[in-house]
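Secondary and tertiary structure notes
One-letter residues, chain by chain:
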Amino acid sequence: MFGIKAKYAKEFFFFPDICIMCTLFLVSFGFLIPSLTSLRPWITFVAGMAAYSAAEYFTHRFLFHIKTPKNPFFLKLIKQLHYDHHSNPNDLHLLFLPVWYSLPNIAITGVAAYFISSSLVITNAFIAGVIIFLLFYEWKHYIAHSPVQPVSSLGRWMKKVHLWHHFKNENYWYGVTNPVYDWALGTFEDHKNVELSQTARDLEQRGK
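Residues numbered from 1 in each chain as written. Predicted model: local features only at pLDDT ≥ 70, side-chain atom pairs only at ≥ 80, totals over all residues. Heavy atoms only, no water.

Interaxial distance between helix 2 (residues 16-32) and helix 7 (residues 120-144) falls to 9 Å at its minimum, and their mutual angle equals 150°. Relative to helix 7, helix 2 is oriented so that their crossing is left-handed. On helix 7, the residues touching Ile18, Met21, Cys22, Leu24, Phe25, Ser28, Phe31 and Leu32 of helix 2 are Val121, Asn124, Ala125, Ile127, Ala128, Ile131, Ile132, Leu134, Leu135 and Glu138. A breakdown of the residues in the contact of helix 2 with helix 7 according to their chemical character gives 15 nonpolar, two polar and one charged. (Axes fitted to C-alpha atoms, helices over the stretch in contact; angles between N-to-C directions. Helix = DSSP H or I, 4+ residues; strand = E, 2+ residues; numbered from the N terminus. Left-handed = near helix turned anticlockwise from the far one by under 90°. Contact = heavy atoms within 4.5 Å. Nonpolar A, V, L, I, M, F, W, Y, C, P; charged D, E, K, R; others polar.)

And the structure:
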């Protein structure tokens, strides 16, 4: 069992996009360490995590599941970001968010945080929180599509819920790390009460 877990942990952490984000987090957190004697950076770090938790849901629902773009360039982008992941859910190259998407978004977040706080320490704390929750999201997403069974009952349940999104109906269960936003915004249903969608594995065909 431990050999299997080590195999999947290695596959996750050595995937190039994940490795880059882990390195970026370590650098960011390294610069943050001298400031952790103060409460404010800790609060901002947690705020960054909360912000990514919200972004996880809203990005997934409103960007990644956007109506099929007519523009070929935007269609190609959204296919690489998410549509193709629904077609091939276990393909690692389609499973993780690419750095060409994540890094510009983190940079924009950092600029916004600095504009609000005028503090490099607070900006860095917020970015570190964003990145660590991004990595948590990627891990949970990876586990949902791997043969590994989560240790906790909540983890096993969230894996099951995410697979409903892929194989039952793509219009529900957008949360990967938690169901809070689905519950609050009406996109969580008992899978027994949801009809099987014919486009769950082919998002490009919706509305055609």
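This part covers the packing of aromatic side chains. Counting across every chain of the model gives 26 aromatic pairs. The interplanar angle of 85° and the centroid separation of 5.3 Å between the aromatic rings of Tyr57 and Phe58 together place this pair among those described as edge-to-face. Residue classification places Tyr57 among the buried positions, given a relative accessible area of 1%. Between Trp157 and Trp183, the aromatic rings sit 6.3 Å apart at their centres with planes inclined by 40°, giving tilted as the arrangement. In this pair, Trp157 sits in helix 8 (residues 153-167) while Trp183 sits in helix 9 (residues 180-185), placing the two residues 26 residues apart along the sequence. Judged by relative accessible area, which is 53%, Trp183 ranks as exposed. Aromatic ring contacts, followed pair by pair, group Phe12, Phe13, Phe15, Phe96, Trp139 and Tyr142 into a single cluster. (Phe/Tyr/Trp six-rings, centres within 6.5 Å; stacked < 30°, edge-to-face > 60°. Buried < 20%, exposed > 50% of the residue type's maximum accessible area, 1.4 Å probe, protein only.)

That's the geometry; what it means functionally is another story.
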